[in-house]
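Residues per chain are reported as follows:
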Amino acid sequence: MTDLIVAVDGPAGSGKSSVSREAARRLGFGYLDTGAAYRALAWHCLDEGVDVEDARAVAERVADFDYAIGTDPDFYFVRVGGEEITSDIREPRVTAVVSAVARVPEVRQGLTELFRRIATDSDRAGMIIEGRDITTVVAPDARARVLLTASPEARMARRSAELGSEPTESTAQQLASRDAQDLKVVDFMNAAAGVTTLDSTELDFEQTVQALIDIVRAAP
Ligand code: C5P
């Protein structure tokens, strides 16, 4: 059973996945990317020809969702039905539909239970869990709770760098539209009571990782 849970939330492009993973690596903790699970389910729905706007059809896919995710920061993978889809879940066609899948209540409930089980089963000293509702819903009792933010400009520049392209109007629109859809389900822009805000706008990657590690080390 993992003793020290670190909950990290933030919007798209805040750098929370790469920062959380590197911090976990240095701390010897496990790392759980919950967005990857929502993406894996979205990928599975597309693969099975499920209409993602049909909430009932999507909900039916959760019960038998044969999904595996690595929690070793040095060996990260995502599999569905034994098939490795680690990079496929980042494809634009998946990003375009993931919010529709993630707003289905049965999906959120099913995946939340799965995340808690993964954290409980881990034999690591700690685990960093990152997503949108970790500080508030998945692990509200986590020893360290952090909201990682950055200005819209900084987030767009990072997302463009990830995609290997220049920042474009459409990248900005896609980012804004995904955040707007996701915000209807959970507030990941304002820190809930007791959550520490880490604004990375003026920080580089190394400084942000260090700031997160400092918060974890100062946790009670
Ligand atoms: O973090 P990432 O951008 O990969 O997340 C993909 C999508 O998964 C988000 O846009 C959101 O719809 C959903 N998500 C969620 N709750 C989480 C993590 C991700 O709804 N805890």
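Looking up the protein chain in an unreviewed UniProt entry gives the name Cytidylate kinase, with the organism given as Microcella alkalica. Per UniProt, the comment on the protein chain under Subcellular location (unreviewed entry) is "Cytoplasm". Within the UniProt record for the protein chain, the comment given under Sequence similarities (unreviewed entry) is "Belongs to the cytidylate kinase family. Type 1 subfamily."

(A) Highlighting the nonpolar core. Counting residues in hydrophobic clusters, the biggest one holds 51 residues, and the most contacted among them are Ala 7, Ala 42, Val 101, Ile 128, Ile 129 and Val 146. Looking at this core element by element, the count peaks at eight residues for helix H2 (residues 34-47). Non-local contacts of Val 101, meaning those with residues more than four positions away in its chain, are made with Tyr 38, Leu 41, Ala 42, Cys 45, Val 52, Val 58 and Val 107.

(B) Representation of the site of the ligand. Around the ligand, a shell composed of 14 residues is seen, among which Gly 35, Tyr 38, Ala 102, Gly 131 and Arg 132 lie nearest. Looking at the shell around the ligand, the elements that each hand over two or more residues are H2, helix H4 (92-102) and helix H8 (169-183). Broken down by element, the shell around the ligand gets its largest block of residues, four residues, from H2. Its residues placed into classes, the shell around the ligand shows five nonpolar, four polar and five charged.

(C) A look at helix H5 (residues 105-121). Look at H5: 24 Å from first C-alpha to last across 17 residues, which is about the 24 Å you get at 1.5 Å a residue. Residues of H5 that are buried include every one of Val 107, Leu 111, Phe 115 and Ala 119, and no others. Viewed end-on, H5 has its buried residues packed into an arc of 95°, placing them on one side of the element. Seen from the open side of H5, the exposed residues pointing more than 90 degrees away from its buried face are Pro 105, Glu 113, Arg 117, Thr 120 and Asp 121.

(D) Quick look at the sheet that holds strand S8 (residues 196-199). In spatial order, the strands read S2-S6-S1-S7-S8; together these five strands make up an open sheet with parallel pairing. Strands at the two margins of the open sheet, each flanked by one partner only, are strand S2 (30-33) and S8. Each strand of the sheet is rotated relative to its neighbour by a mean of 20°, with strand direction disregarded. In this structure, strand S1 (residues 4-9) lies alongside strand S7 (residues 144-149), joined through four bridges in parallel fashion. Opposite Asp 9, over in S7, you have Leu 147 as the bridge partner. Along the sheet, helix H1 (residues 16-27) makes contact with S1, S2, strand S6 (126-131) and S7, crossing S6 at roughly 180°.

(E) Summary view of the pairing of S6. Counting buried residues along S6, six of its six residues qualify, which places the element largely inside the surrounding structure. A two-sided burial pattern is seen for S6, the buried positions comprising Gly 126, Ile 128 and Glu 130 on one face and Met 127, Ile 129 and Gly 131 on the other. Relative to S6, S1 runs parallel, the two being bridged by six bridges. If you follow Asp 9 over to S6, its bridge partner there is Gly 131. Bridge analysis of S2 against S6 gives four bridges, and the strand direction is parallel.

(F) Spatial organisation of the UniProt feature "binding site: ATP" (unreviewed entry) in the protein chain. According to UniProt, the "binding site: ATP" (unreviewed entry) feature falls on Gly 10, Pro 11, Ala 12, Gly 13, Ser 14, Gly 15, Lys 16, Ser 17 and Ser 18. Topologically, Gly 15 is positioned in the loop between S1 and H1. When near neighbours in sequence (up to four residues on either side) are disregarded, Gly 15 contacts Leu 148, Ala 150, Arg 158, Ser 200 and Thr 208. Here Ser 18 shows up in helix H1. With 15 C-beta atoms counted inside 10 Å, the residue Ser 18 sits in the partly exposed group.

(G) View of the sheet that holds strand S3 (residues 67-69). Taken together, the three strands give an open sheet; going across it, the order is S3-S4-S5, and neighbouring strands pair in antiparallel fashion. The open sheet has two free edges, formed respectively by S3 and strand S5 (83-84), since each of these has just one partner strand. With two bridges joining them, strand S4 (residues 78-80) and S5 adopt antiparallel strand pairing. By the bridge assignment for S5, Arg 79 is matched with Glu 84. Packing of H2 onto the sheet brings it into contact with S3 and S4, and relative to S4 it is tilted by some 35°.

Cut-off values and rules
- Residues numbered from 1 in each chain as written.
- Predicted model: local features only at pLDDT ≥ 70, side-chain atom pairs only at ≥ 80, totals over all residues.
- UniProt positions renumbered as here; feature names shortened; annotations may be inferred.
- Core = buried A, V, L, I, M, F, W, Y, C linked by C-beta atoms within 7 Å.
- Buried ≥ 20, exposed ≤ 12 C-beta atoms within 10 Å, placed from the backbone.
- Helix = DSSP H or I, 4+ residues; strand = E, 2+ residues; numbered from the N terminus.
- Contact = placed C-beta atoms within 7 Å.
- Near = placed C-beta within 6 Å.
- Nonpolar A, V, L, I, M, F, W, Y, C, P; charged D, E, K, R; others polar.
- Expected span 1.5 Å × (residues − 1).
- Arc of directions from axis to C-beta.
- Pairing = 2+ DSSP bridges.
- Axes fitted to C-alpha atoms, helices over the stretch in contact; angles between N-to-C directions.

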